[in-house]
Amino acid sequence: MSDLRKAALLGAFYGRRQKSLLVVEDEPAVREMVADNFRMSGYAVEEASSVGEAWELISRAMPNLVLLDWMLPDSSGMEFLRRLRREEPTRALPVIMLTARGEEADRIRGLNVGADDYLGKPFSLRELEARVKAVLRRAGVADFEPVVRAGGLEIDLERHRVMANSVETQLGPTEFRLLHFLMSHPERVFSRTQLLDNAWGHDVYIEERTVDVHVRRLRRRLEPSGTDEHIQTVRGVGYKFSVAMPPQDAR
Ligand code: CA
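Residues numbered from 1 in each chain as written. Predicted model: local features only at pLDDT ≥ 70, side-chain atom pairs only at ≥ 80, totals over all residues. Heavy atoms only, no water.

*Asks:* I'd love a proper account of the overall build of the chain, names of residues and values included.
*Replies:* Helix and strand content of the chain: 9 helices and 12 strands. Taking all 251 residues of the chain together, the buried fraction comes to 47%. Looking at the chain alone, contacts between residues at least 24 apart form 59% of all its contacts between residues at least 6 apart. (Helix = DSSP H or I, 4+ residues; strand = E, 2+ residues; numbered from the N terminus. Buried < 20%, exposed > 50% of the residue type's maximum accessible area, 1.4 Å probe, protein only. Contact = heavy atoms within 4.5 Å.)

*Asks:* Can you break down the pattern of salt bridges residue by residue, with the values?
*Replies:* Enumeration according to the criterion identifies 18 salt bridges in this entry. Across the salt bridge formed by E25 and K121, the nearest N and O atoms sit 2.9 Å from each other. Placement of the pair is E25 in the loop between β1 (20-24) and α2 (28-40) and K121 in the loop between β5 (117-120) and α6 (125-138), with a sequence separation of 96 residues. For the salt bridge of R209 with E207, the shortest nitrogen-to-oxygen distance reads 3.4 Å. For R209, a relative accessible area of 58% gives the class exposed. For E207, a relative accessible area of 47% corresponds to the partly exposed category. Each member of the salt-bridge network shares a partner with another, and the members are R31, D36, R39 and E47. (Salt bridge = Lys/Arg side-chain N within 4 Å of Asp/Glu carboxyl O.)

*Asks:* Help me get a handle on the coordination of the calcium ion, residues and values and all.
*Replies:* Bound to the calcium ion are the protein donor atoms D26 (OD), D69 (OD) and M71 (O), situated 2.1 to 2.3 Å from the metal. The sequence motif formed by the donor residues of the calcium ion is D-x42-D-x1-M. Taken together, the positions of D26 in the loop between β1 and α2 and M71 in the loop between β3 (65-69) and α4 (77-86) put the pair 45 residues apart, joining distant regions of the chain. (Donors = N, O, S within 2.8 Å, 3.2 Å for Na, K, Ca; no water.)

*Asks:* Quick one: what's the story with α6, residue by residue and with numbers?
*Replies:* With 14 residues, α6 extends 20 Å from end C-alpha to end C-alpha; this agrees with the ideal 20 Å at 1.5 Å per step. Taken together, the buried positions of α6 are occupied by L128, E129, V132, V135 and L136. For α6, the arc enclosing every buried residue in end-on projection is 130°, short of the 170-degree limit, so these residues lie on one face. Turned more than 90 degrees from where α6 packs its buried face, R126 and R138 sit exposed. (Expected span 1.5 Å × (residues − 1). Arc of directions from axis to C-beta.)

*Asks:* Break down the sheet that holds β5 for me, citing the residues and quoting the values.
*Replies:* One open sheet accounts for 5 strands, arranged β2-β1-β3-β4-β5; its pairing is parallel. Taken across any chain shown, the strands that pair with only one partner, and hence form the sheet edges, are β2 (44-48) and β5. Direction aside, the axes of adjacent strands within the sheet are offset by 20° on average. Two elements, β1 and β3, share 4 bridges in a ladder whose sense is parallel. Its bridge partner lying in β3, V24 is registered against L68. Contacts from α4 reach β1, β3 and β4 (95-99), with the element oriented near 170° to β4. (Pairing = 2+ DSSP bridges. Axes fitted to C-alpha atoms, helices over the stretch in contact; angles between N-to-C directions.)

Take a look at the structure:
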């Protein structure tokens, strides 16, 4: 499946736009190469060739991550980063610095000012993409895959199919979303509110205890295959998907 197709599929499933990047780089060849590469991988990409342009784009729509060149015509990437960290709406905006200045002192300066990562030029696009994914993951921007496998379960978004220990298992649409979301973030605990936001979509007003009802249904469907034990209750917090054995009292 192509990455664009994947992004469209996930967008349709979760009702979300693609992950978005802003590339701030004044060298057109480098900027376009980076931007095109990420577009091919299914990201929505905006381009800026100066700090001024970058501000304008950010104030219009906040990207999920900024790729920031160090040397820019109107101001330095460093100054821009400082400003991002000073202002409330952009304080936590993930930034990866790209620079020809590969010296250690510069790298440390960049990280001290609050860059999430740093890559010296020339860099490989594959490495850049791996780092973007890692930073987005750390920032909690979900990195969904249409097919997720763990603990004897396989969930396939495109075929809308769940295999539990090689046996096809029928799930209702909500249980399906819930399972895909939980399996996409193994070992992470989500509150009922977070699950409602993510697996139910936004403009839905449902009571939190509805989540418990669907978790119960999901477990019942998975029970014959023994895979229900991966849907674990975390007392006082919520639920998680785990392939580790739960403590006896947490079931
Ligand atoms: Ca430059």
